[in-house]
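One letter stands for each residue in the lines below.
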Amino acid sequence: WMWDLDRADPYPNWGLQNPTVFKFVVPKALEKYFDVAYAKRNFETLARRAAILREFGLKASFNGMEPAYFPEQAYLDHPAWRGPRCDQPRRARKEYYAPCFDNAEVRALYFEAVRELCTACPFDAFVFLTNDSGGGLCWAEGLYPGENGPHACLKTPIGQRIATYLSVFQDAARA
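Could you give me a rundown of unusual backbone geometry, with the residues and numbers involved?
If a residue is not glycine, its phi is most likely negative; likewise, a peptide bond is most likely trans. For the bond from Glu 66 to Pro 67, the omega torsion is -10°, close enough to zero to count as cis. Relative to the helices and strands, Pro 67 resides in the loop between strand E1 (60–65) and helix H3 (72–77). Backbone geometry places Ser 133, a non-glycine residue, at a positive phi of 55°. Note on placement: Ser 133 falls in the loop between strand E4 (123–129) and helix H5 (158–174). A relative accessible area of 7% places Ser 133 in the buried class.

Put into structure tokens, the structure is as follows:
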């Protein structure tokens, strides 16, 4: 569905194979922007597989890419959510932006989704590709277009930004 938003742009195909949290759980505030039926099917598949893990006393890891870009309409409706430009300029025909983890509303969206994910599956690790394939943290050196992000979080030290990012997943998993 991500590629269907604009078939003239090859960039979404670059990272759409990567699992992202919102491909499994779509919080109410994001339902207008993400394919809820697609996420529900993925979540149900995950829950069925998690039942097998639990039967054998096993745990799971979530290997994906976050923070992954949102559809542009989300940022038009919620400008403060817009984070860094995260596309590969040589591949993309338009700009793509990841959400800003310095924004409390964005963190709340992730918290809600990760908490629900963890109720469905016994995750003991989250492994994320960041700053590649349609994702990125604000003002990170590894972003394809170079360090960038909203002015509001320019002064946040990268160590603090990463700690905040990781704590959202840890706190949601504990909850």
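Resuming the write-up.
Could you give an account of the packing of helix H2 (residues 36–55) against helix H4 (residues 104–120), with specific residues and numbers?
Between H2 and H4, whose axes approach to 8 Å, the crossing angle comes to 45°. Here H4 runs oblique to H2, going by the angle between their axes. Across the interface between the two elements, Phe 43, Leu 46, Ala 47, Ala 50 and Arg 54 of H2 pack against Glu 116, Leu 117, Cys 118, Thr 119 and Ala 120 of H4. Residues of the contact of H2 with H4, tallied by class, amount to seven nonpolar, one polar and two charged.

I'd like to hear about the side chain of Asp 132, residue by residue, with values.
Mapped onto the elements, Asp 132 comes out in the loop between E4 and H5. Although Asp 132 is buried, it forms no salt bridge, and the closest oppositely charged side chain is Arg 91 at an N-O distance of 7.1 Å. Here the side chain of Asp 132 touches Ser 133 through a polar contact of 3.4 Å, side chain to side chain. Of the polar contacts made by the side chain of Asp 132, one reaches the side chain of Tyr 144; its length is 2.8 Å. Ignoring sequence-local partners within four residues, the contact set of Asp 132 consists of Trp 14, Met 65 and Tyr 144.

Account for the side chain of Asn 131, naming residues and giving values.
Its place among the elements puts Asn 131 in the loop between E4 and H5. At 2.9 Å, the side chain of Asn 131 forms a polar contact with the backbone nitrogen of Leu 137. Not counting residues up to four positions away in its chain, the partners in contact with Asn 131 are Gly 136, Leu 137, Ala 140, Gly 142 and Leu 143.

How would you explain the environment of Ala 37 if you had to name every residue and give the values?
Positionally, Ala 37 belongs in helix H2. A relative accessible area of 44% places Ala 37 in the partly exposed class. Counting along the chain gives 12 residues from Ala 37 to Val 25, while the straight-line C-alpha distance between them is 10.0 Å.

Kindly report on the packing of aromatic side chains, identifying the contributing residues and their values.
With the rule as written, the count across this model stands at 22 aromatic pairs. Ring geometry for Phe 123 versus Phe 126: centroids 5.3 Å apart, planes at 45°, classification tilted. In this structure, Arg 82 packs its charged tip against the face of Tyr 97, placed 4.5 Å from the ring centre.

Account for the environment of Asp 124, naming residues and giving values.
Counting through the fold element by element, Asp 124 comes out in strand E4. Distance in space between the C-alpha atoms of Asp 124 and Ala 173 is 8.6 Å, their sequence separation being 49 residues. Aside from chain neighbours lying at most four places away, what touches Asp 124 is Lys 59 and Ala 60.

The rules behind the values
- Residues numbered from 1 in each chain as written.
- Predicted model: local features only at pLDDT ≥ 70, side-chain atom pairs only at ≥ 80, totals over all residues.
- Heavy atoms only, no water.
- Helix = DSSP H or I, 4+ residues; strand = E, 2+ residues; numbered from the N terminus.
- Buried < 20%, exposed > 50% of the residue type's maximum accessible area, 1.4 Å probe, protein only.
- Axes fitted to C-alpha atoms, helices over the stretch in contact; angles between N-to-C directions.
- Parallel < 35°, antiparallel > 145°, perpendicular 65-115°, else oblique.
- Contact = heavy atoms within 4.5 Å.
- Nonpolar A, V, L, I, M, F, W, Y, C, P; charged D, E, K, R; others polar.
- Lys, Arg positive; Asp, Glu negative; His and termini not counted.
- Salt bridge = Lys/Arg side-chain N within 4 Å of Asp/Glu carboxyl O.
- Polar contact = N/O pair within 3.5 Å; in protein donor to acceptor, adjacent residues only side chain to side chain.
- Phe/Tyr/Trp six-rings, centres within 6.5 Å; stacked < 30°, edge-to-face > 60°.
- Lys NZ or Arg CZ within 6 Å of the ring centre and 35° of its normal.

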